[in-house]
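An overview of the molecular structure
Here are the chains, one letter per residue:
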Amino acid sequence: MNRLSKTGLGPVICNPAPSRGPIRLASLLCCGSILAGLPAMAGAQEASPAPAAQPTAAPAPAPAPAARSNTIRTITVVGAERLEPTTILSYIRLRVGQEYTSAAADEALKDLGATELFANFSIRNDAGNVVITVTENPVINRIVLEGNERLKADKILPEIKLSPRQIFTRSKVRADVARIIELYKRQGRFAAQVEPKMVQLPQNRVDIVFEITEGPKSKVRQINILGNEKFSDGELRGEMVTKQARLTSFFSSNTSYDPDRLAFDQQKLRQFYLTEGYADFRVVSAVAELTPDQKDFIITYVVEEGERYTFGDVKVDSQLRDFDSDVMSTQLPMKAGDFYNAKIVEDTVEQLTELAGRYGYAFADVQPRFNRDPDNLKMNITFVLREAPRVYVERVDINGNTLTQDKVIRREFRLAEGDAFNSLGVQRTTARINSLAYFQENFEVTQTEGSAPDRIILEANIEERPTGELQFSAGFSSIEQFILAGSIRQRNFRGRGQTIGLSVNYSQFSRSAQVSFSDPYIFDRNISGGIDIYRRDFNSFNFTGNNRNTTFEQATTGFSMRAGVPLTEYMSLVGSYTLNYEDVSLDENLFFSDIDGNGTLECDPLRAGRFLCDAIGTRLSSIVGLSLNYNSLNSRVRPTRGKTISLSGEFAGLGGDVRYVRFRGRGQQFWNVGNSGFIFSILAEGGTIIPLQERPGAGVDDVLLTDRFFLGEPQFRGFAIRGVGPRILTQTSQLDGTGRPILDANGNITFFTDRNQVRDDAIGGRNYYLGRAELEIPLGTGARELGLRPSIWADVGALWGVEQPILTVNPTGIPITNAAGEPLFQIPNTNTTTTSPTQADGSLNIRLIQPNSNIRELFLGNSPSPRITAGIGVNWNSPFGPFRIDFAQTIRKVEGDDERRFTFNVGTQF
């Protein structure tokens, strides 16, 4: 911009005086001084030259001086393209009729500059005709990022000011460059460089290109601590969020340098020392320095530990009428002589505040008064409970719900209008609304003062989330192999809190379809109810080596109804009724033969085994159930504290073809171990089934195979599916080249005993128990972001109680017995038989299908003796779905149990 236009000087006209020479000389000197000044004014208008001297002629009469006016007559805008001239004029304060001055022109130029709409602008005054010349800034066509690999565009673009269709300004470019560099510094890349470039386009448009050089990530190479004597460097580094870059910290993202994290670590150090009793501790300095190679940082802390304090006199001074100071003082967790711990003090303040809230003092003020005694190294504390009025709930406000009906939210409130305020009720309300999973995470009920000091307003400011789910999934597991599933569910149907769903599942060994509906408040009463209608086809199988063989097929069609009522805040009672029609069948080509020779195919015990032949057929099961449930978990998805207990009983026999009573119990407890992130849990469960009918035949269990309990993977890690408990191993004889059985030195038939060459059939049991202890181990931030959650665990359990089957049969399927009708067992390695199933040393006698047969069966695993396994596992929320892997070691087992060291399960959504 030129200085002349900025000062407001128009074209200069120098008119000499028409009188005598000295006056004209003076006039000439005047014109010369103005001209001399013009070169210093870039872009100044040329002045009119002085008239030439006429020495020989008489001086002509000089014209009258031109009238010079500073009054603005017109204002013209030149160069505007997108902006209207009237818009540009609205930015300045020059108006027609005003006096044009240098100061006014300066103010107008400043106003134009403040808009940041123009690349260049000037103002010129031509005898009252003011001309404003502008060059508009270009419009941004697009923003291009180049070279950003570690920090993607979706992380950078929302943080910068420039965006397409905005007006380009250099100040915004400079600010955006600084912001991008700051983002990279947050990632620990302090060597990052950003060079902005502008690509001119037609129609006064530009592309802005940020060329980014990310540079290496700056790690924390070393953390030095000076002045610490009571605790080692390693202990103090363990309390910090920032970690040193080591091979073991590969998954951690806290090895990069972050100034905010440095300040946070100072607070962590102070908290640690205060919990250990060092009340005078302070961080003298914390310095981060780049290494000479400019790649990493070395952080040095200088600390003063001070002396260790103990608690002195600790008491409560209550100004609330419902609390006795002396009684409360005796119940404080800290005692005189204990080492001072600031965390215990904070927890005590929270507990006292919560206690006051339970009694209706919503705004009770609990303040700890510290009286430090440095001479005796004692910390005297008085907890003051200040007077506060009892508070009542004035009203409950619910805001933000567009789909969910008010009643769905209000019925979860533990407090109503007019109730005395109770902080425990507010906490429980928050937990119950969060458990609905209809709204934003970390929802909290807020409290505001009401119309009077003793009134409070509870507000539920919610943000609804989608509650409909349409899911198609595919996966692979070591149990089911390929799995396909599809489901549609609405968890907040019509905004009434009802759940309706349809699901279909298919795998090689199971197929099912189910329609379900549930309502937690039937007819707006505190009674829950639901119904499921289903069809389930299940193929049971056994293993011959690594080959899976289908043994029987079970098709179940039925429905189940349930209704529940709450007994307390955490306990409920649920009743149910189930009606199932079951059809159990075997493959006739594999397991049937003409036993009697009359042309009728029947289940052949020589092929299928007696227990399978007993299971086939159709039956109707009518089951009535009742369960008592207790649940105080803080999360349904991933609990970290609380417990759940369930006791249930079922009676089958209200009509139908089967009669039994089944009892089950299950309990689980979670603990958050300190503030370290470790989560410890224990589980115990068990069950028993008691038959109420007798089935005919010796060695036939009164409980059907399909009604018994089974135990193994995935409930009991370290064993194969149905790998624990009673089972029958069918062994075949070894044959020579001619197909005849091979005999041992004593003339006995030799059988294959390798587990991979034996048919293994689990037959279930009447009783079982299972226990588990598991510790989830926290990892660094990087591993948590990947969704990795490793754990160590130990399982213990057993399954037993089935009636010992009679395995010895003749070719017609009739059990071989002695004259008294007792089943005969063969003593191993002999040709003699006995009626005792066990030998003197407790080992089992062998039961032959028939004397000198090529097949024999062993009955094993029917023992309540505990099986114990331990191992490590990892849960991973992988990009292709949830993944679980376990490595197990069997510590104790019983003969016949089928071990499995490695298991995994994975699935995905698409």
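Reading the values: rules and limits
- Residues numbered from 1 in each chain as written.
- Predicted model: local features only at pLDDT ≥ 70, side-chain atom pairs only at ≥ 80, totals over all residues.
- Heavy atoms only, no water.
- Helix = DSSP H or I, 4+ residues; strand = E, 2+ residues; numbered from the N terminus.
- Buried < 20%, exposed > 50% of the residue type's maximum accessible area, 1.4 Å probe, protein only.
- Contact = heavy atoms within 4.5 Å.
- Areas by Shrake-Rupley, 256 points an atom, 1.4 Å probe, with all protein chains shown as cover.
- Expected span 1.5 Å × (residues − 1).
- Arc of directions from axis to C-beta.
- pLDDT = per-residue confidence, 0-100.
- Pairing = 2+ DSSP bridges.
- Axes fitted to C-alpha atoms, helices over the stretch in contact; angles between N-to-C directions.

Here's the deal with the overall build of the protein chain
Helices and strands together make up the secondary structure of the protein chain, namely 16 helices and 39 strands. Out of the 910 residues belonging to the protein chain, those deemed buried represent 40%. Taking as baseline every contact in the protein chain between residues at least 6 positions apart, the subset at least 24 positions apart corresponds to 60%. Split by element, the accessible area of the protein chain, about 48,400 Å² in all, is 53% carbon and sulfur.

Re helix α6 (residues 170-186)
Taking 1.5 Å as the rise per residue, α6 with 17 residues should run 24 Å; its terminal C-alpha atoms sit 25 Å apart, in good agreement. Within α6 the residues assigned to the buried category are V173, D176, V177, I180, L183 and Y184. Down the axis of α6, the sector holding all buried residues measures 125°, keeping them to one side. Tucked inside the fold, the buried residues of α6 contact α5 (153-156), β5 (193-201) and β6 (205-213). Positive phi appears at G188, one or two residues downstream of α6, with a value of about 85°.

Examining the confidence of the model for the protein chain
The pLDDT averaged across the protein chain works out to 79; a share of 78% of its residues lies at or above 70. When pLDDT is averaged over each element of the protein chain, strand β31 (residues 767-776) comes out on top at 95 and helix α2 (residues 21-37) at the bottom at 31. Here residues 848-852 is modelled with pLDDT under 50, and outside its nearest four sequence neighbours on either side it reaches 20 contacts, counting other chains as well.

Here we look at unusual backbone geometry
For the bond running from E713 to P714, omega is 5°, close enough to zero to count as cis. Checked against the element boundaries, P714 lands in the loop between β28 (678-691) and β29 (727-732). Backbone geometry at R165 places phi at a positive 75°, although glycine is not the residue there. Tracing the sequence through the fold places R165 in the loop between α5 and α6. Classification of R165 as exposed rests on a relative accessible area of 73%. The phi dihedral of N204 falls on the positive side, at around 55°, and the residue is not glycine.

Things to note about the sheet that holds strand β9 (residues 297-304)
In spatial order, the strands read β7-β9-β8; together these three strands make up an open sheet with mixed pairing. Edge positions in the sheet fall to β7 (220-226) and β8 (282-290), since each has one partner strand and no second. Here the strands of the sheet are splayed against their neighbours by 15° on average, with no regard to which way each runs. Pairing analysis gives six bridges linking β7 to β9, with the strands arranged parallel. Pairing of I223 across the sheet is with I299, part of β9. In the packing of helix α8 (residues 259-275) onto the sheet, contacts are made with β8 and β9, and the angle to β9 comes to roughly 30°.

As for the sheet that holds strand β14 (residues 446-449)
Within a beta sheet, neighbouring strands are joined by backbone hydrogen bonds and run either parallel or antiparallel to one another. If you walk across this open sheet you meet the three strands as β13-β15-β14, and the pairing is mixed. The open sheet has two free edges, formed respectively by β13 (392-399) and β14, since each of these has just one partner strand. Averaged over all pairs of adjacent strands, the angle between strand axes in this sheet comes to 30°, irrespective of strand direction. With seven bridges connecting them, β13 and strand β15 (residues 455-461) associate as parallel partners. The residue of β15 that forms the bridge with Y392 is R455.

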